[in-house]
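# Per-entry structural report
In case you want the letters, here they are:
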2 protein chains.
Amino acid sequence: MNIGDIARMAGVSRAAVSRYLNSGYVSDEKRERIRRVIEETGYQPSVMAQTLRTKKTFLIGVILPRVNSDSISSVIEGIGPVLQDAGYNMLLATTDNSPVKELEFLQIFSNHRVDGVILVATVFTEEHKRILKDYALPFVLVGQSLPGFACVYHDDYSAGLLLTRYIIGKGRRNVGYIGVLSEDEAVGQRRFEGVRDALAEGGIPLSPGMRETADFSTESGYERMKALFERRGDIDAVICATDRIALGAMRYLKEAGKRVPEDVAVAGFGDNIVSGVTSPAMTTVRFRYRESGMLAAEKILKEISGGGDDRQQVMLDVGLVPRESV
Amino acid sequence: MNIGDIARMAGVSRAAVSRYLNSGYVSDEKRERIRRVIEETGYQPSVMAQTLRTKKTFLIGVILPRVNSDSISSVIEGIGPVLQDAGYNMLLATTDNSPVKELEFLQIFSNHRVDGVILVATVFTEEHKRILKDYALPFVLVGQSLPGFACVYHDDYSAGLLLTRYIIGKGRRNVGYIGVLSEDEAVGQRRFEGVRDALAEGGIPLSPGMRETADFSTESGYERMKALFERRGDIDAVICATDRIALGAMRYLKEAGKRVPEDVAVAGFGDNIVSGVTSPAMTTVRFRYRESGMLAAEKILKEISGGGDDRQQVMLDVGLVPRESV
DNA sequence: TTCCGATGTGACATCGTTCTCATAATCATC
DNA sequence: GATGATTATGAGAACGATGTCACATCGGAA
C-alpha cells in the first residue's frame, strides 16, 4: 500500500496525496476523497522512502559508556522526553567505556543514519578531537567541557571547592583524597583541583601521602582507603571522587573499627541513589544530570533546525547535600 | 558521493560496485579498481537508500517504562551488546509508565521504522493484546508472561515462595505483606501468590489485616509499613514486593524504635543496588535482569532472521540473597 | 476584453541503492 | 566445432516518497 495506490483509489495524482499529507494546495473536494481513502486503508507513508527523499531521519544518536549507572540513566531520562516531544527518537549506543567503540559509533552514525549526535563521554583522546573537528553532523557533548565544541557540563571544580570548604568548616584538618584517573577531565581533574585549592586556601595543603587513585568501583574505594589509612592513621576526613568509591571507603573504616563521622568524615560526589541509604547517610554533592540531558537534547534540536550552530558551552551548577557522614 | 560516482571513477557500472560491496561476480581487475576508488574517496553507501531498497533497517525498537531504574537499566545493558554484535542498533522509547504511550510507540515502530520490537511492559491491557495479536513486526515481551507470545520473564512465583519459606524457617509467624497494584501481573500478582502459598503451606495463612498495597516508591513503603504496624503491633516480619518499598518499611520501623531483624524482619525483591547498602543489609531475591535482556535480544534476532517464529516462553530462575535483615 | 494573481493540478525527475535479466566472454567437454 | 556450464558485465527497473515545473482554472480589476 503506497502513495500511488492511494492516489488511484481517490482518483487523484500522487502529487495531490503528497500535498495532502504535507501541505499545499488541495481542493476541499479532493482533500475529502483522499482523507476517506486513507482512513479506510489505514495507509501510512513509508518512513524509509521519506527519509531517502528528505534526508531527515528524525533520529538522534546517543553514545554513552554504559546505561546501568544512576547518573547516566538520569541523563537519558532527561534526553528522551525532549526528543520525543519534538518527534525525534533516540538511537542508543553503549560503548562499555571503550573509546575505540565510541569512535566507531561516531563513524557509523555519521553515515546519515541520524540527524545529530549526543555524546556522553568520559575521556577525550586526540583522536576524538580530530574526528569531532570536522564531524559531518551536529553534535553536543555532555558531562565534559571541550573548548570550541557545544557542550553541557557540570561545575566539577566548584563541587570540589564547596564540599572541601564544608569539611574544613567542620574542623577537619587531616584530609585525604581518593580520586580517579586524570584522563577523565571532569571527574579526575576538575574535582581534584577544587578539593586541592580549597585545602590550600584553608592552609592545609594536600600532601602526596594523603592522595590515592581508585577506579570507579566500590571495591577499589575499599582498597584505597585501606592503603590511605595504613599510611596515615591520623586521617580525620576523606573525600572520594564518587559516591561509590566513598561507599567502599566507609565500609573499610567500619571494618577497621572507626566511627563515621566521629573519627573519620567521609564524603563523595554525585548524590548517587546509594548515598542516601548508607548509615550514616552520606554527605555528597548533587549534580543536575537530568537537566544536562534535557539541555543537550534542546541544544541538538536547535542546531538541527538550523538555529545557528550554537557552539557555546553550558555549565550547570552543583549543590552540597549535607547529611550525616561529615 | 554516491555509488554512481564511484562507478564512473572506477570505469565500471553501478551494478559492479554494488556487487563488490555485497557479493557477486567481479573480476580481480575491476575489484581492485573499485577498492582503490572507495579507499581514496572514503565512500560509504547511503544507509537510507539501502534501507528503502532492502526493507531492512537494522534497528530494534525497545519500549520501556523508564530507564532510571536499576532493574530496567540492567535489561538494557543486556540487550545492547547482543544487538550490536549482530550489527543492529537500539531505538529507545521511554513511556514514563503510560500504557497509552506504549501503544503509540508500537504504532510508530510498526511503520517499518524498525525490524523488530522488544517490549518491557508492566501492565498488559486488553488493548495491548488486541494490537499485539496481529502486530506487523516480530516482537518479544520482557518481564511479563503473556501466553501465546514470545516472552522472557522471571519466576516471580518461586521468588515469593523461596523468600517466604526462608522467613518462616527463621521462626517468624506474624508475617505481613506490602504489595503493589495487581494490574502488574508479575510483580503485583505472581510474587504475592508465591508469598501467600508459602504462608498457607506453613500453616499461617495471610490475614487481610496483614496486607497492604503500595505504589513503587520508598515513601509509600514507609506509609504502608506505618499503617500495618499501627494495626498489628505483633508483626514480626514484613515482605515487600520491591526493595525500594522494603527500604521505606525499614525506615519506618527504625523510627518507630524497632530493631531489624530482631523485632521485625524485613525483606524485598529485586536485589536492587540499594539493598546491599542498607544497614542491616537487606535480604532479597535476585532476578536475572541482564540475562533477560540478552535472551530477548537473541530471540528477536532469531525471529527476524526467520529462524521460525519462536513463540515459546522463556522463564528465568531466581535466587535467594540472604543478608542481615531477616 | 484583457490581464493578473491566487489557487489547484498532474507529469516527471530525483533520492541512492539493489536486483533481475539479457548478454558476452571464457573454458572445458563431447 | 558445437554445446553447455561458469564467470563476468551493464542497462534499466524497482523501492516509495517529495518537489519542481509547466499549465489550468477562475475571479476580479483595469
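### With respect to the relation of the copies chain A and chain B
Superposing chain A onto chain B takes a rotation of 180 degrees combined with a translation of 0.0 Å along the rotation axis, leaving an RMSD of 0.1 Å. In short, the pair behaves as if placed about a two-fold rotation axis. Taking C-alpha positions as the reference, the residue of chain A nearest the rotation axis is Leu91 of chain A, at 2.3 Å.

### Thoughts on the protein's contact with DNA strand D
Looking at DNA strand D, there are 27 residues lining it, with Asn2, Ile3, Ser46 and Arg53 of chain A together with Ser27 of chain B nearest. For DNA strand D, the backbone portion of the atoms within 4 Å of the protein, that is sugar and phosphate, comes to 64%. Between DNA strand D and the protein, one listed contact pairs a base oxygen with a side-chain N or O atom of Arg14 of chain A at 3.4 Å. Taking Arg19 of chain B, its side chain carries an N or O atom lying 3.1 Å from a base nitrogen of DNA strand D. Contributions of two or more residues to the surface near DNA strand D are made by helix H2 (14–21) and helix H4 (47–54) of chain A together with helix H2 (14–21) and helix H4 (47–54) of chain B. Here the element with the most residues in the surface near DNA strand D is H4 of chain A; it accounts for five residues.

### Focus: the interface of chain A and chain B
Across the boundary between the two partners, chain A contributes 42 residues, which contact 41 residues of chain B. Between chain A and chain B, a total of about 3,800 Å² is buried, with carbon and sulfur atoms accounting for 55% of that surface. Three residues stand out in chain A for area buried against chain B, namely Met48, Arg113 and Val277 of chain A, and they jointly supply 18% of the buried area on that side. In this assembly, chain A and chain B are joined by zero salt bridges. Across the contact surface, chain A and chain B share 21 residue pairs in polar contact (both at pLDDT 80 or more). If you list the elements that add at least two residues to the side of chain A that touches chain B, you get H4, helix H5 (70–85), strand S2 (89–94), helix H6 (99–110) and helix H11 (243–255) of chain A. Its residues assigned to classes, the side of chain A that touches chain B shows 19 nonpolar, 15 polar and eight charged. Bridge count between S2 of chain A and strand S2 (residues 89–94) of chain B: three bridges; the pairing is antiparallel. Along S2 of chain B, the bridge assignment pairs Leu91 of chain A with Leu91 of chain B.

### Let's talk about helix H10 (residues 218–231) of chain B
Residue pairs spaced three or four apart in an α-helix point in one direction, given the helix's 3.6 residues per turn. All names here are of chain B. Relative to the 20 Å expected for 14 residues at 1.5 Å per residue, H10 spans 20 Å between its end C-alpha atoms, a close match to the ideal helical length. Residues of H10 that are buried include every one of Thr218, Ser220, Gly221, Met225, Leu228 and Phe229, and no others. One side of H10 carries all its buried residues, which in axial view fall inside an arc of 165 degrees. Among the exposed residues of H10, those pointing more than 90 degrees away from its buried face are Glu219 and Glu230. On its buried side, H10 packs onto strand S6 (175–180), strand S7 (211–214), strand S8 (237–240) and helix H11 (243–255).

### Quick word on the pairing of strand S5 (residues 151–154) of chain B
All names here are of chain B. Residue alternation in S5 divides its side chains into two sets, Cys151 and Tyr153 and Val152 and His154, and both sets are buried. Sheet topology places strand S4 (residues 139–142) next to S5; two bridges connect them, and they run parallel. Paired with Leu141 across the bridge in S5 is Cys151. When S5 meets strand S11 (residues 313–316), the two strands line up parallel, connected through four bridges. Counterpart to Val152 in the pairing with S11 is Val314.

### Looking at the sheet that holds S6 of chain B
Think of a sheet as strands paired side by side through backbone hydrogen bonds, with each pair either parallel or antiparallel. Residue and element names in this part refer to chain B. Ordered by their spatial adjacency, four strands build an open sheet running S7-S6-S8-S9, and the pairing between neighbours is parallel. Two strands in the sheet have a free side with no partner beyond their single neighbour: S7 and strand S9 (265–267). The average undirected angle you get between the axes of adjacent strands in this sheet is 20 degrees. Pairing analysis gives three bridges linking S8 to S9, with the strands arranged parallel. Bridging across to S9, Ile239 finds its partner in Ala267. Along the sheet, helix H8 (residues 156–169) makes contact with S6, S8 and S9, crossing S8 at roughly 170 degrees. Here H11 sits on the sheet in contact with S6, S7, S8 and S9, set at roughly 160 degrees to S9.

### Considerations on the nonpolar core
Nonpolar side chains in soluble globular proteins tend to be buried together. Ranked by size, the top nonpolar core spans 142 residues in total, and within it Leu83, Met225 and Val238 of chain A together with Leu83, Met225 and Val238 of chain B carry the most contacts. When residues no more than four places from it in sequence are discounted, the contact partners of Leu83 of chain A are Ile60, Tyr88, Asn89, Met90, Ala297, Ile300 and Leu301 of chain A.

### Thoughts on the domain arrangement of chain A
When its domains are assigned, chain A resolves into domain 1 (3–45), domain 2 (54–154 + 289–319) and domain 3 (156–286). Spacing between the C-alpha centres of domain 1 of chain A and domain 3 of chain A amounts to 66 Å.

### Here we look at the sheet that holds strand S7 (residues 211–214) of chain A
Residue and element names in this part refer to chain A. If you trace the four strands from one edge of the open sheet to the other, you get S7-S6-S8-S9, paired in parallel fashion. Every other strand in the sheet has two partners, leaving S7 and strand S9 (265–267) as the edge strands with one partner each. Strand-to-strand, the axes of this sheet are offset by a mean angle of 20 degrees, without reference to chain direction. Along the sheet, helix H9 (residues 185–201) makes contact with strand S6 (175–180), S7 and strand S8 (237–240), crossing S6 at roughly 165 degrees. Sheet strands touched by H11: S6, S7, S8 and S9. Its angle to S9, the strand with the most contacts, is close to 160 degrees.

### Considerations on the pattern of salt bridges
Residues and elements named next belong to chain B. Enumeration over the complete set of coordinates arrives at 44 salt bridges over all chains. Residue Arg35 is joined to Glu32 by a salt bridge in which the shortest nitrogen-to-oxygen separation is 2.9 Å. On the criterion of helical spacing, the pair formed by Arg35 and Glu32 is a turn pair, its members being three residues apart in helix H3 (residues 28–41). Owing to a relative accessible area of 32%, Arg35 belongs among the partly exposed residues under this scheme. We classify Glu32 as partly exposed; its relative accessible area is 33%. Measuring nitrogen to oxygen at the nearest pair gives 3.5 Å for the salt bridge that ties Asp115 to Lys56.

### Notes on a positive patch on the surface
A surface patch of like charges, here positive, comprises Arg251 and Lys254 of chain A together with Arg251 and Lys254 of chain B. Counting residues per element, the ones that place at least two in the positive patch are H11 of chain A together with H11 of chain B.

Reading the values: the criteria
Residues numbered from 1 in each chain as written. Chains lettered and ligands numbered in written order. Predicted model: local features only at pLDDT ≥ 70, side-chain atom pairs only at ≥ 80, totals over all residues. Heavy atoms only, no water. Least-squares fit on C-alpha atoms with pLDDT ≥ 70 in both. Near = heavy atom within 4 Å. Polar contact = N/O pair within 3.5 Å; in protein donor to acceptor, adjacent residues only side chain to side chain. Helix = DSSP H or I, 4+ residues; strand = E, 2+ residues; numbered from the N terminus. Contact = heavy atoms within 4.5 Å. Buried area = accessible area lost by both parts, 1.4 Å probe. Salt bridge = Lys/Arg side-chain N within 4 Å of Asp/Glu carboxyl O. Nonpolar A, V, L, I, M, F, W, Y, C, P; charged D, E, K, R; others polar. Pairing = 2+ DSSP bridges. Expected span 1.5 Å × (residues − 1). Buried < 20%, exposed > 50% of the residue type's maximum accessible area, 1.4 Å probe, protein only. Arc of directions from axis to C-beta. Axes fitted to C-alpha atoms, helices over the stretch in contact; angles between N-to-C directions. Core = buried A, V, L, I, M, F, W, Y, C linked by side-chain atoms within 4.5 Å. Domains from an automatic or database assignment. Patch = residues over 30% accessible without salt bridge, like charges linked within 9 Å, V, L, I, M, F, W, Y side chains within 5 Å. Areas by Shrake-Rupley, 256 points an atom, 1.4 Å probe, with all protein chains shown as cover. Lys, Arg positive; Asp, Glu negative; His and termini not counted. Charge placed at Lys NZ, Arg CZ, Asp CG, Glu CD.

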